[in-house]
Amino acid sequence: NVPLGEVAAIYLQIEKDLSDAALVLPVSYTSTDIGRVTLGAALAMLGKVSLYQQQWSAAIGYFHQMEALGIYGLLSNYGDNFKLAYENSKESIFEIQHLTNKNPFTGNALNQWFAPAEEGGYYFNAPTQSLVDAFEKSTNDDVDPRLDVSIGRDGKPWLNGDIFSAAWSSATGYLTKKHQQPLSEISSSLKGDGDLNYIYLRYADVLLMKAEAFNEIANADSALKNLNKVRQRALASFDGIPPADLLKDITTTDQNLIRTAIQKERRVELAQEFHRYFDLMRWGKTV
């Protein structure tokens with residue numbers, strides 16, 4: 001019969017836990033312990049906790065402390081974040097480790113939850129048309145390269161070298177590509193026991209949170225600098241010469257327009273990575 005705690009008191013406890021952890025956690029680990037929680041993870045989480053309480057300057061301070069460790073950065077190719085070969089990369093700050101075929105179970109069930117029935121999956125959490133439409137296009141219909149990394153859509157390459165079909169099992173005609181592995185890595189008999197890690201917090205997310213905090217204290221230049229780093233990496237992931245009118249830098253200095261741009265960028269950069277619902281709650285938005 002413990003009564004509900006006050007929200008402020010719970011945040012204080014979270015902050016204490018993270019601050020205590022930051023005092024003893026190392027910056028990094030040797031190979032046998034890679035994947036354990038680091039100082040950077042604690043600092044980044046403190047920044048996120050501050051952001052959720054609209055403590056903008058405190059959030060920026062924690063994010064700067066994390067960056068000052070000098071070990072984090074964006075991968076050159078966006079899609080590499082979701083491949084087995086790039087686990088625990090420089091972009092990953094807090095990553096949940098998975099291994100297949102272990103007893104007790106340590107695999108990643110997302111590999112089955114989001115897969116089509118044709119591959120032994122449950123096709124949960126199908127992306128909506130609204131999400132697909134949120135990705136920018138050029139005047140020639142070249143699309144933000146993050147779209148086809150994130151979402152399986154009709155006529156486009158799927159994970160196994162196949163071509164995705166809208167006729168596959170899906171409530172919307174689309175399926176999530178992130179968190180899944182090709183059958184060459186995880187056979188259909190082990191479908192629910194993947195070994196692809198889940199990245200809970202990566203550097204691109206931090207850049208967008210930092211952009212948001214700077215915008216809320218009316219520092220447009222710093223907000224745009226962090227926002228455009230994320231967009232520029234996305235553009236660099238384009239296969240071939242990118243069109244001049246795709247993913248152009250945001251240049252407005254209007255606080256409301258920057259806020260809208262950051263919120264839209266979070267939707268596409270972090271699509272299907274389980275942050276959207278919490279963003280909508282803290283922004284006071286409904287869908």
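In this numbering scheme, every chain counts its residues from 1 along its sequence in written order. Two thresholds apply to this predicted model, a pLDDT of at least 70 for residue-level local features and 80 or more for giving and counting side-chain atom pairs, whereas whole-chain, interface and lining totals are computed over all residues. As a rule here, side-chain values cover all heavy atoms of the structure and leave hydrogens and water aside.

Caption draft 1: Expanded view of the packing of aromatic side chains. A pair of aromatic rings is counted whenever rings of Phe, Tyr or Trp (Trp by its six-membered ring) have centres within 6.5 Å, and the orientation is called stacked for planes under 30 degrees apart, edge-to-face for over 60 and tilted otherwise. Per the counting criterion, the structure on display carries nine aromatic pairs. Ring plane angle 85 degrees and centroid distance 5.9 Å describe the contact between W158 and W168, whose orientation is recorded as edge-to-face. Of this pair, W158 sits in the loop between β2 (151-152) and β3 (175-176) while W168 sits in the loop between β2 and β3; the two residues are 10 residues apart in sequence, bridging distant segments of the chain. Relative accessibility thresholds used throughout: buried, under 20% of the residue-type maximum; exposed, over 50%; partly exposed, between the two (1.4 Å probe, protein chains only). On the accessibility criterion, W158 (4% relative accessible area) is buried. Each residue in the set F114, Y198 and F274 is aromatic and connected to the rest through ring pairs, giving one cluster. Secondary structure is summarised from DSSP: a helix means a run of H or I of at least four residues, a strand means a run of E of at least two, and numbering begins at the N terminus for each.

Caption draft 2: Representation of the pattern of salt bridges. Here, a salt bridge means any Lys or Arg side-chain nitrogen found within 4 Å of an Asp or Glu carboxyl oxygen. This model, assessed by the stated rule, comprises 23 salt bridges. In this structure, D80 and K83 form a salt bridge, with 3.3 Å as the shortest nitrogen-oxygen distance. Residue classification places D80 among the buried residues on the basis of a relative accessible area of 10%. Shared partners join several salt bridges into a network, and the residues in it are E91, E136, D144, R146, K178, R202, R231, R233, K264, E265, E269 and E273.

Caption draft 3: Spatial organisation of a nonpolar patch on the surface. Together, W113, Y122 and F124 make up an exposed nonpolar region whose accessible area comes to about 310 Å². Assignment of secondary structure puts Y122 in the loop between α4 (110-113) and α5 (129-134). Patch membership requires more than 30% relative accessible area and the absence of a salt bridge. Residues of like charge join within 9 Å; the nonpolar side chains Val, Leu, Ile, Met, Phe, Trp and Tyr join within 5 Å. Where accessible areas are quoted, they stem from the Shrake-Rupley method and a 1.4 Å probe; at the residue level, only the protein chains shown are allowed to cover.

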